[in-house]
Structure formats: C-alpha cells, structure tokens
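# Summary of structural features
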Amino acid sequence: MAASAGGGGGGSAKLVTQRDINCLSDPDRNTRKRALEKISKALAELGKDRAAFTPSEAQEALTTLHSLLLKLFKDSAEKCRELSVTIMASFAPLCEDVGVFVDATVKAVRERIGDSPVLEESEEVRLALVTLTLQLITLSPSSAKLCVADLCSITEKSCLDKFPDAKKVAADLAVLLSEVVREEAKEFCGTVCKALAANLSHQQYRTRVAALHGLGALVPCADTKVFDDMMPFIARLNLDRAHQVREEVLHVAASWILNMPPAVIPKLLPVLLHGVSDDLDAVRGTCVELVNKIGRAQAG
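Described below are features of the structure shown in this document. This one's a predicted model, so the numbers in the text were calculated from it and none came from an experiment.

All right, on to the overall build of the chain then. From N to C terminus, the chain includes 14 helices and zero strands. In sequence order, the chain lays out its α and β elements as α-α-α-α-α-α-α-α-α-α-α-α-α-α. For the chain, the spread of C-alpha atoms along the principal axes amounts to about 65 × 40 × 35 Å. Across the 300 residues that make up the chain, the buried fraction comes to 52%. Expressed as a percentage of contacts within the chain between residues at least 6 apart in sequence, the contacts between residues at least 24 apart total 71%. Surface exposure of the chain reaches about 13,600 Å², of which carbon and sulfur atoms provide 53%.

Here the focus is the state of the cysteines. If you walk through the whole model with that rule in mind, you get zero disulfides. Left unpaired, C95 is separated from the closest cysteine sulfur, that of C147, by 16 Å. Of the cysteine sulfurs around C193, a residue in no disulfide, the closest is that of C189, at 5.6 Å.

Taken together, L269, L273, V276, V288 and V291 make up a surface patch of nonpolar side chains, about 370 Å² in accessible area. Of all elements in the fold, only α13 (265-273) and α14 (281-299) reach the threshold of two or more residues within the nonpolar patch. For L273, the position within the fold is in helix α13.

Let's shift gears to helix α4 (residues 78-91). In this model, α4 (14 residues) spans 20 Å end to end at C-alpha, consistent with the 20 Å of a helix rising 1.5 Å per residue. Listed as buried for α4 are C80, R81, L83, S84, V85, I87, M88 and F91.

Once that is clear, we can look at the environment of R236. Mapped onto the fold, R236 is located in the loop between α11 (224-235) and α12 (243-259). Between the alpha carbons of R236 and L151 there is a distance of 29 Å; along the sequence they are 85 residues apart.

With that settled, the discussion passes to unusual backbone geometry. The omega angle of the peptide bond from S116 to P117 is -5°, so this bond is cis rather than trans. Relative to the helices and strands, P117 resides in the loop between α5 (99-113) and α6 (123-139).

This part takes up the nonpolar core. In terms of nonpolar packing, the biggest core is built from 105 residues, with L15, F53, F73, F91, L215, V219 and W256 touching the most fellow members. Sort the elements by how many residues they give to this core and helix α8 (residues 164-180) lands first, with nine residues. The contacts of W256, once residues within four sequence positions are left out, are L215, G216, V219, P220, F227, M231, I234, V264 and L268.

As a further point, take the packing of α11 against α13. Between α11 and α13, the shortest axis-to-axis distance is 11 Å and the interhelical angle comes to 15°. Judged on the interaxial angle alone, α13 and α11 are roughly parallel. Here α11 and α13 pass one another in a crossing that is left-handed. The segment α11 lies against α13, with F227, D228, M231, I234 and A235 engaging K267, L268 and V271. Of the residues that constitute the contact of α11 with α13, the class distribution is six nonpolar, no polar and two charged.

As a further point, take the packing of aromatic side chains. The final tally for this structure, using the stated rule, is one aromatic pair. On the basis of an interplanar angle of 70° and a centroid distance of 5.7 Å, the ring pair of F227 and W256 is categorised as edge-to-face. Separated by 29 residues along the polypeptide, F227 in helix α11 and W256 in helix α12 bring together distant segments of the chain. Judged by its relative accessible area of 2%, F227 falls in the buried class.

Turning next to helix α2 (residues 29-47). Over its 19 residues, α2 runs 26 Å from end to end, which matches the ideal 27 Å to within 8%, given 1.5 Å per residue. Among the residues of α2, those classed as buried are T31, R32, A35, L36, I39, L43 and L46. Taken down its axis, α2 places every buried residue within 130° of arc, on the same side. Looking at the buried residues of α2, the elements they touch are α1 (18-24), α3 (55-72) and α4. Capping of α2 at its N-terminal end is provided by D28; its side-chain oxygen lies 3.2 Å from the backbone amide nitrogen of N30.

Rules and cut-offs
- Residues numbered from 1 in each chain as written.
- Predicted model: local features only at pLDDT ≥ 70, side-chain atom pairs only at ≥ 80, totals over all residues.
- Heavy atoms only, no water.
- Helix = DSSP H or I, 4+ residues; strand = E, 2+ residues; numbered from the N terminus.
- Buried < 20%, exposed > 50% of the residue type's maximum accessible area, 1.4 Å probe, protein only.
- Contact = heavy atoms within 4.5 Å.
- Areas by Shrake-Rupley, 256 points an atom, 1.4 Å probe, with all protein chains shown as cover.
- Disulfide = S-S within 2.5 Å.
- Patch = residues over 30% accessible without salt bridge, like charges linked within 9 Å, V, L, I, M, F, W, Y side chains within 5 Å.
- Salt bridge = Lys/Arg side-chain N within 4 Å of Asp/Glu carboxyl O.
- Expected span 1.5 Å × (residues − 1).
- Core = buried A, V, L, I, M, F, W, Y, C linked by side-chain atoms within 4.5 Å.
- Axes fitted to C-alpha atoms, helices over the stretch in contact; angles between N-to-C directions.
- Parallel < 35°, antiparallel > 145°, perpendicular 65-115°, else oblique.
- Left-handed = near helix turned anticlockwise from the far one by under 90°.
- Nonpolar A, V, L, I, M, F, W, Y, C, P; charged D, E, K, R; others polar.
- Phe/Tyr/Trp six-rings, centres within 6.5 Å; stacked < 30°, edge-to-face > 60°.
- Arc of directions from axis to C-beta.
- Polar contact = N/O pair within 3.5 Å; in protein donor to acceptor, adjacent residues only side chain to side chain.

Right under this line is the structure:
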C-alpha cells in the first residue's frame, strides 16, 4: 500500500513542493486545479528526459501524491478529476513498482465507475478511469489478483457505458483479465459476458468487434452455461452487415473449438463453416484458413 501524502523531498522535490501538496487539499477548486496543472506540466517535462527522473524518484513522488490523487478522483470539479487521473496515468509507467499502488487505485476507480449507480458523470473521465485500470494491470499483471472483484465490476459497468470508447476499452480489459486472473475471475465471468453481449448489437461495428473479442477470450474461462447463453448472440453475427464482425466471429468460433471441451464443437462448427458462403472473398479465405488451422491442431 502506498504511503500517505507528506512533504516533498528527494525525487519528489523535482516535481512537487509542500505548497503544491497543501493546494491539492485547498477548499478553492481553482487553487486545486492550478496545483494539478503545475504538477502535470512538471511531470510532462521530466518525462521527456527519463535520465532526469529515475524510477525510484518517480516511485517516491507518487507515494507522496497517491492518496491525494485518489481523493481528487471524486473532486467536485470535473477538471480536477480529469487531471488527477491523467497524472496517475502519467506516473504509472515511470515507477519502479507501480504494483504497490494498484489495489487502492482500482478501489477508487470502482467507487467512481464500477458500482450502480455510476457516480462519474463525465464520459471523458469515465474513459480515463477505465483506461487507467487497463494500464495498471498491463504494467503489473500480478496485482490483479488483489482486486479481482473490483476489476470485474469496473469491466462490467464500463461495458454498459453509453460512451463507445469506454465500451471498447472495457472489452480490452476483459481480454486482459482472461489472461492474468483466469481462475480467480471465473465466478464473475457470467456477469461480464452478459454486459459484453449487450454490445453485440451496437450501431458501431468497431464496438461489436471489440465485444466479440472480449467474449472470445472470457467465455472459455467461465462455466459451460455461459457458453450456452452466449451462443445465440454469436451465431446471429454470421449475418452482420459489417464484414469485420463476420470475420471476427469466425476467429472466436475457431478459438473456442481449439480451447474449449469437445462437447462445444457441434454447436460451433455451423458458425465457423458459415464463412465459406460469405459474400466476400476475404471472409471466405479466413474461414478456410481457420478450418485448416483446426485440422492441423487435431492432427498434431
């Protein structure tokens, strides 16, 4: 767990003064905003020259600021909330061990966007928060085990966000969770998969593709009932108007055939083989390639 905010010293002094720390807690929103802008600007400058700001100094500075930044995630001023998330995201890749900040940060993110009702009103801040979550787990995969329930709740609620960009990042987060907490996330997979499936009818094809990709990764982690629940949504995408979606559904079907129990194969083969009758050569070609890939795997 990160230490509480204190006086700037050592590496922190390059970035933040005691006055800055005091200003972050000032009752006046403009004072808080100016302090955040100052820190953000200083961080951007130091980030250009990694030799001038070592990982240990970044670690020290973020330890000084961390609890204050999390408090500012729920600031009354949208700009302060946005800046606090941006600063956290800028620090993350600079630190020598960002993992010590993950649990507390993810819990703060969940408080804003991971429960019902979702408290964060700004779609841009919601996007920044779910993107920060993805970044932290990418940088420190082992930390995900500390906060699986929080991560799954953030993913689920972000899948249901009205903002398409947040939906797409949530799908990427679902893929990452399937890789780093495959067993630990099993009990939450059904809920997250249901939220992903809700995006398979979204008007933007990129959102549908992202949701399919997320389901492709997460469904094999779940109980077989989740697979049965998802199949009707998956099968109808063979007829999607966007060829990118039709192609992605073939990849998902092939992946499940290769990575799930043999009992699912009879339900998946019609979805996969539907691709041979697609209107586009590219989709038909993808189907043939995937069938050949499965054949080679079975032969091996």
